[in-house]
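# A structural walkthrough
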Amino acid sequence: MIDHVAGRASCIPADGDPAKARHVDLPDQDRVVNVPMQLLFQPLVKGAVDEVRFQIVLCTGGPRLQDMIAVRGPRIRRGGREIVEIRYGPDFGSTVAFFASRVLPSFSFWFDAKDGAYLGHRMPLHTKGPEVLLVRSGLTPKDLGLE
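Below is a summary of the structure that appears in this document. (Residues numbered from 1 in each chain as written. Predicted model: local features only at pLDDT ≥ 70, side-chain atom pairs only at ≥ 80, totals over all residues. Heavy atoms only, no water.)

This next bit is on the pairing of strand 5 (residues 64-78). Pairing between strand 4 (residues 51-58) and strand 5: eight bridges, direction antiparallel. Across the sheet, R53 pairs through a bridge with I69, a residue of strand 5. Hairpin connection of strand 4 to strand 5: five residues between the antiparallel strands, including G61 at a positive phi of 70 degrees. Pairing analysis gives nine bridges linking strand 5 to strand 6 (residues 81-90), with the strands arranged antiparallel. Paired with R78 across the strands is R81, a residue of strand 6. What sits between the antiparallel neighbours strand 5 and strand 6 is a turn of two residues, in which G79 has the positive phi angle 55 degrees. (Pairing = 2+ DSSP bridges. Helix = DSSP H or I, 4+ residues; strand = E, 2+ residues; numbered from the N terminus.)

Next up, the structure:
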């Protein structure tokens, strides 16, 4: 749970007991995402910005804040639709980014470039867990350029 007013994030255990919650203080200028990511990425989809820097709260081994970055990936054409990929992941700064991009999992969202409609996304099920691909009804992974 994120409480921007109180400046605190809380991780509540699976049993739901708030008395067992662990907390982390948010920095004064926090960028913790508290909206659906497909909304957060719309400025990238529309080309209004080149990157979006944000933070997420991780509860495994935490709680702790993780700096993240999202950038526009390649555009492809499939079935008369232009698709824009938004790639995102941990923000380790430009000096580490090249090496990190080679070893970290690939997290992406896909949008219709014409109207910004959500088409699908790929992300981990949980920390160190398998990646899950969700695709909008009526589409297949191949429609997003994934073979």
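Attention shifts here to the nonpolar core. F41, F54, A70, I86, Y88, F109 and F111 are the most contacted members of the largest nonpolar core, which totals 16 residues. Those elements that place two or more of their residues in this core are helix 1 (37-40), helix 2 (42-45), strand 4, strand 5, strand 6 and strand 7 (107-112). The residues touching A70, leaving out its near neighbours within four places in the chain, are F41, L44, D50, E51, V52, F54, I86, R87 and Y88. (Core = buried A, V, L, I, M, F, W, Y, C linked by side-chain atoms within 4.5 Å. Buried < 20%, exposed > 50% of the residue type's maximum accessible area, 1.4 Å probe, protein only. Contact = heavy atoms within 4.5 Å.)

Enumeration according to the criterion identifies seven aromatic pairs in this entry. Measuring from centroid to centroid gives 5.3 Å for F41 and F109, while their planes differ by 75 degrees, and the two rings are edge-to-face. One end of the pair, F41, is in the loop between helix 1 and helix 2; the other, F109, is in strand 7, with 68 residues separating them in the sequence. Among the residues examined, F41 registers a relative accessible area of 0% and is labelled buried. Owing to a relative accessible area of 3%, F109 belongs among the buried residues under this scheme. (Phe/Tyr/Trp six-rings, centres within 6.5 Å; stacked < 30°, edge-to-face > 60°.)

Looking now at the sheet that holds strand 2 (residues 8-11). Spatially, three strands are ordered 1-2-3 in an open sheet, and the strand pairing comes out antiparallel. Edge positions in the sheet fall to strand 1 (2-3) and strand 3 (22-25), since each has one partner strand and no second. Note that strand 2 and strand 3 share four bridges and pair antiparallel. In the sheet register, A9 faces strand 3, and the bridge partner there is V24.

What follows concerns the state of the cysteines. If you walk through the whole model with that rule in mind, you get one disulfide. Between C11 and C59 runs a disulfide, and the two sulfur atoms are separated by 2.0 Å. Here the disulfide of C11 and C59 is left-handed, its torsion about the S-S bond being about -85 degrees. Of the two residues, C11 is situated in strand 2 and C59 in the loop between strand 4 and strand 5; the sequence distance between them amounts to 48 residues. (Disulfide = S-S within 2.5 Å.)

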